[in-house]
Amino acid sequence: MQDSHYQVNRPFFLLTAGYFLWLLAVLLIFGYTPTNDGEGYLEYARHCLQEGQPYPTTTIYNEVPFIWNIGIINLVELSLWLTNAIWPVLLLMCLMKSAICLLTGLIAKQLFSQRIAVITMILFMLYPNNWGQSTMISSEIPSTCLAMTAVWIAVSQRNLFIAGITLALANWFRPTATIFLVSIILYLIITYRRHCLQNTIKIIAGYVLFIAIIGTSCYLRTGHFVYQARSYWFSMVDECYDGAEVAPHWGQPIWPEGTPRYIENHDTMNCFQFERIWRERSLEWLKDHKITYIKKIPGRLYYMYQSDYDNMSVFLNDKSLPENNFITIPIRHLATEASTMSIAQWLALFSLLVYVVLLLMAIKGIVTLIHQRRFKVLFLPLFIVVGGSLAIVLVMHGETRFKDPLMPFMFLLASNVINSKP
């Protein structure tokens, strides 16, 4: 039985192994890519290592404006503690990125067919923006990998209690798991109506159990029940005032005077006091400006989906300064500035063109599935993409990298341009 199972899934394992070797080669050739977030994770990990405690600590509460992505900081801290280096984290990023590819294929096989699954994995592997992410210290990769694991458990009718634990662990790395939790529950209700209550209880029980364990352990250490990042109101308050731009607010100081994020005497407060003040200010503004806020959603969707080449910075010649590790493409002046573009810019432009093709393929795939009246199998990937996108831009501004956990389902939908039933 095990040999038969291996033979059936052999193409998936071979593709995954090849993709892992490719990601490893990119890492070895082009090296580590520092990012602002990655350097921040390193800074906090070193700080906590000096204190001899996991993140967060009571000192952190008093020195930073918010609690950041807990799982990735503790993973970096563990790597530094064991090896005094970050290369184990980068190797793990390559492995988990490969696992995302495998899980995307396995989910596609369960929902559609083996042929569609293989096409999905090949699209994933050939997509340029997937090549460089694993050279960075990224909270997105482990969070997405764990969330995809939970989706695969659900669609293959395995242990939903474990799926709940896996989703909560994903949330520990980056708080986007609620999108997948809601999507999976709705999928289970639609697909397995007779057991929907039992299935829902199992997945929620696993989710709550992990939160209880992590939160309680943090409470016993620090006196605060913290189980995920608590940066929501830090971001939200920056959107809740007259004149706040729809576009992402890059390069803005942490304490911008003249905006509701600014707090006088903040040096004497801790992050929980900041959170309370920002929440009160945000809700007070939202109370009288609901329509103004909702009108920002289309613009935020545009900024989230306008491009997808953030990870192509892996190919920059000089990556010494994380704040400079981004690529701009002179789209409006391409005819006159093409001769001055670097190799990294040309690769980013290629990635952008591939991304546009992928979006068109995904739309065509959706139309194909609707035409085939295959609404049940369409529901899960479409709801995660559409519902997830709306959920993200409803609570914060739209950055292109924010759609990363939704992208595997774009490949799955795009693979259905081939109009064939399983």
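Residues numbered from 1 in each chain as written. Predicted model: local features only at pLDDT ≥ 70, side-chain atom pairs only at ≥ 80, totals over all residues. Heavy atoms only, no water.

S.K.: Report on the side chain of K403, specifying residues and quantitative values.
M.R.: Mapped onto the secondary structure, K403 falls in the loop between α17 (375–395) and α18 (407–414). Excluding its chain neighbours within four sequence positions, the residues that come into contact with K403 are M304, Y305, S307, D308 and Y355. (Helix = DSSP H or I, 4+ residues; strand = E, 2+ residues; numbered from the N terminus. Contact = heavy atoms within 4.5 Å.)

S.K.: So what about helix α9 (residues 177–191)? Which residues, and what values?
M.R.: Between the first and last C-alpha of α9 there are 21 Å, a value that for 15 residues agrees with the 21 Å anticipated at 1.5 Å per step. Taken together, the buried positions of α9 are A177, I179, F180, L181, S183, I184, I185, Y187 and L188. Check the buried side of α9 and you find it contacts α5 (87–111), α7 (140–155), α8 (160–173), α10 (196–222), α17 and α18. (Expected span 1.5 Å × (residues − 1). Buried < 20%, exposed > 50% of the residue type's maximum accessible area, 1.4 Å probe, protein only.)

S.K.: Report on the pattern of salt bridges, specifying residues and quantitative values.
M.R.: According to the stated counting rule, one finds 10 salt bridges in the structure shown. D37 serves as the salt-bridge partner of R401, at 3.3 Å between the closest nitrogen and oxygen. Placement of the pair is R401 in the loop between α17 and α18 and D37 in helix α2 (residues 36–51), with a sequence separation of 364 residues. In this structure R401 comes out as partly exposed when scored by relative accessible area, which is 28%. Among the salt bridges present, the one from R174 reaches E140, with a minimum N-O distance of 3.6 Å. Taken as a pair, R174 in the loop between α8 and α9 and E140 in helix α7 lie far apart in primary sequence, 34 residues in all. One network of salt bridges, with partners in common, ties together D37, E140, R174, E399 and R401. (Salt bridge = Lys/Arg side-chain N within 4 Å of Asp/Glu carboxyl O.)

S.K.: I'd love a proper account of empty space enclosed by the protein, names of residues and values included.
M.R.: If you walk through the whole model with that rule in mind, you get 1 cavity of 30 Å³ or more. The computed volume of the largest cavity comes to approximately 50 Å³. Around the largest cavity, the lining residues are P65, F66, I67, R230, S231, W233, F234, C271, F272, E275 and W278. Classifying every residue of the lining of the largest cavity gives 8 nonpolar, 1 polar and 2 charged. (1 Å grid on protein atoms, 1.4 Å probe; cavity = no way out; pocket = protein on both sides within 12 Å on 5 of 7 lines; lining within 4 Å. Points joined across faces, edges and corners; volume = space filled by probe spheres on them. Nonpolar A, V, L, I, M, F, W, Y, C, P; charged D, E, K, R; others polar.)

S.K.: Account for the packing of α9 against α17, naming residues and giving values.
M.R.: The N-to-C vectors of α9 and α17 enclose an angle of 150°; their axes lie 10 Å apart at closest approach. Between α9 and α17, the angle falls in the class roughly antiparallel. For the crossing formed where α9 meets α17, the hand is right-handed. Contacts between α9 and α17 pair I179, F180, V182, S183, I184, L186, Y187 and I190 from the former with K376, F379, L380, F383, I384, G388, A391 and I392 from the latter. Of the residues in the contact of α9 with α17, the class split is 13 nonpolar, 2 polar and 1 charged. (Axes fitted to C-alpha atoms, helices over the stretch in contact; angles between N-to-C directions. Parallel < 35°, antiparallel > 145°, perpendicular 65-115°, else oblique. Left-handed = near helix turned anticlockwise from the far one by under 90°.)

S.K.: Give a detailed account of the environment of S320, specifying residues and quantitative values.
M.R.: Along the polypeptide, S320 turns up in the loop between α14 (297–305) and α15 (334–337). Spatially, the C-alpha atom of S320 lies 9.8 Å from that of T35, the residues being 285 residues apart in sequence. A distance of 2.8 Å separates the side chain of S320 from the side chain of D318, its partner in a polar contact. (Polar contact = N/O pair within 3.5 Å; in protein donor to acceptor, adjacent residues only side chain to side chain.)

S.K.: Report on unusual backbone geometry, specifying residues and quantitative values.
M.R.: Cis rather than trans, the peptide bond between Y55 and P56 has omega equal to 0°. Within the secondary structure, P56 sits in the loop between α2 and α3 (58–63). In the Ramachandran plot, N84 falls in the positive-phi region, its phi being about 60° despite a non-glycine side chain. Relative to the assigned elements, N84 resides in the loop between α4 (70–83) and α5. Residue classification places N84 among the exposed positions, given a relative accessible area of 66%. Its identity as a non-glycine residue notwithstanding, N265 has a phi of 60°, on the positive side. Summarising the element assignment, N265 is placed in the loop between α11 (232–236) and α12 (271–288). Judged by its relative accessible area of 58%, N265 is exposed.

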